[in-house]
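Inside the fold
In case you want the letters, here they are:
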Amino acid sequence: DQQVKQNSPSLSVQEGRISILNCDYTNSMFDYFLWYKKYPAEGPTFLISISSIKDKNEDGRFTVFLNKSAKHLSLHIVPSQPGDSAVYFCAARYKGGSEKLVFGKGTKLTVNP
Amino acid sequence: NAGVMQNPRHLVRRRGQEARLRCSPMKGHSHVYWYRQLPEEGLKFMVYLQKENIIDESGMPKERFSAEFPKEGPSILRIQQVVRGDSAAYFCASSPLLAGARSNRQFFGPGTRLTVL
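We now turn to the structure provided with this report. Computed from a predicted model, the values in this text were never measured in an experiment. (Residues numbered from 1 in each chain as written. Chains lettered and ligands numbered in written order. Predicted model: local features only at pLDDT ≥ 70, side-chain atom pairs only at ≥ 80, totals over all residues. Heavy atoms only, no water.)

1. Some details on unusual backbone geometry
So the rule is basically this: Helix and strand definitions here come from DSSP, where helices need a minimum of 4 consecutive H or I residues and strands a minimum of 2 consecutive E residues; each element is numbered from the N-terminal end.
With an omega of -10°, the peptide bond between V78 of chain A and P79 of chain A qualifies as cis. Along the chain, P79 of chain A falls in the loop between strand 8 (72–77) and strand 9 (86–94). A cis amide bond, omega -5°, links N7 of chain B with the succeeding residue P8 of chain B. Position of P8 of chain B relative to the elements: it lies in the loop between strand 1 (5–7) and strand 2 (10–13).

Listed below in structure tokens is the structure:
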């Protein structure tokens, strides 16, 4: 049973436009949500996170929005750059106890010049 | 400040052999996690360790897999009698121990790609 879902396997946008990556979750026991970026043959790189008590967090070109009632979060990248082309993973951390992260399957973003 | 180190980067084993994957966390980090990624899948949690202690091994297969994080040296993920289904990328992550707070960020190594022939 997938607790973190990224329903779009891929997304293609033009350079300079906005990229919106979506993520849904089913478990209310998550206290942090994180986005990781991954290039082929490399490990995931942390991008941005948001606490479950917030609804928005911004860092430069990256903004994460959290809608707790809908159990939905999204990552906005503005403006998109060709170097942003990678696989983006949404991850959630359990509240209390174990620090483990639960990952979605990822969305492959392609930013075209 | 070096990041999380994993070796080897690529490992080829025949069915029935043993695989040993090593992970050195970032300097100052005392928490280590192991994740496995199958093709076209997300990362799946396996085990969470602190120095000399296994904190959560709920994601570890019951047989053939073991992990340790000794007082000195790297963390080791050991897979005995490997089978073709063990072929995957294995990622190690580390996080610091923050006084009075829990870190919400894990830093990942480059992974070890295990191929079982």
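2. Quick word on the interface of chain A and chain B
So the rule is basically this: We call two residues in contact whenever any of their non-hydrogen atoms come within 4.5 Å of each other. Note on definitions: buried area is the accessible-area loss of two parts on being combined, 1.4 Å probe, summed for both. Salt bridges are defined as contacts in which a side-chain nitrogen from Lys or Arg sits within 4 Å of a carboxyl oxygen from Asp or Glu. Pairing of N or O atoms within 3.5 Å defines a polar contact, subject to two protein rules: one partner must be a possible hydrogen donor and the other a possible acceptor, and residues neighboring in sequence count only if both atoms are side-chain atoms.
Contact residues are listed per partner, giving 23 residues for chain A and 22 residues for chain B. For the pair chain A and chain B, the two sides together bury roughly 1,900 Å², of which 51% comes from carbon and sulfur. Residues K105 of chain A and E41 of chain B are paired through a salt bridge, measuring 3.5 Å at the closest nitrogen-oxygen approach. Our enumeration of links across chain A and chain B arrives at four residue pairs in polar contact (both at pLDDT 80 or more). Breaking the side of chain A that touches chain B down by element, the ones donating at least two residues are strand 4 (30–38), strand 5 (45–51), strand 9 and strand 10 (101–103) of chain A. Per-element tally for the side of chain A that touches chain B: the top contributor is strand 4 of chain A, with five residues.

3. Describing the pairing of strand 8 (residues 75–79) of chain B
As a reminder, the rule being used: Whether a residue is buried, partly exposed or exposed follows from its accessible area with a 1.4 Å probe, protein chains only, as a fraction of its type maximum: under 20%, in between, or over 50%, in that order. For two strands to be treated as a pair, DSSP must find no fewer than two bridges joining them.
With four of five residues buried, strand 8 of chain B is to be regarded as a mostly interior element. With antiparallel pairing between neighbouring strands as the criterion, strand 7 (residues 65–68) of chain B and strand 8 of chain B make up a hairpin whose turn holds six residues, including G73 of chain B at a positive phi of roughly 100°.

4. Quick word on a nonpolar patch on the surface
All names here are of chain A. Applied cut-off: The patch calculation keeps residues exceeding 30% relative accessible area without a salt bridge and links them within 9 Å when they carry like charges or within 5 Å when they are nonpolar (Val, Leu, Ile, Met, Phe, Trp, Tyr). Using the Shrake-Rupley algorithm and a 1.4 Å probe, accessible areas are obtained, with residue cover drawn only from the displayed protein chains.
Judged by side-chain polarity, I18, I20 and V78 come together as a nonpolar surface patch covering roughly 230 Å² of accessible area. Among the secondary structure elements, I20 is positioned in strand 3 (residues 19–25). With relative accessibility at 36%, the residue I20 sits in the partly exposed group.

5. Quick notes on the environment of L114 of chain B
Residues and elements named next belong to chain B. You can see L114 is positioned in strand 11 (residues 112–116). Using a relative accessible area of 2% as the deciding quantity, one classes L114 as buried. Through-space distance from the C-alpha of L114 to that of Q50 is 24 Å; in sequence the pair is 64 residues apart. Each residue touching L114, except ones within four places of it in the same chain, is listed here: L11, R13, A19, I79, D86, S87, A88 and Y90.

6. Some words on the environment of C23 of chain B
Residues and elements named next belong to chain B. With respect to the secondary-structure elements, C23 resides in strand 3 (residues 19–24). The class for C23 is buried, based on a relative accessible area of 0%. Between the C-alpha atom of C23 and that of G111, which follows or precedes it by 88 residues, the distance is 9.0 Å. For C23, the contacting residues outside a window of four places in its chain are V4, M5, Q6, V32, W34, P74, S75 and C92.

7. Brief notes about the pairing of strand 4 (residues 29–37) of chain B
Residues and elements named next belong to chain B. Burial analysis of strand 4 places eight of its nine residues in the buried class, which makes it a mostly covered element. Direction of pairing for strand 4 relative to strand 9 (residues 88–96): antiparallel, over a ladder of eight bridges. Looking at strand 9, one finds that H31 is bridged to S95. The pairing of strand 4 with strand 5 (residues 43–50) spans seven bridges and is antiparallel. Bridging from a neighbouring strand, Y33 pairs with Y48 of strand 5. Counted between consecutive antiparallel strands, the loop separating strand 4 from strand 5 contains five residues, among which E40 sits at a positive phi close to 65°.

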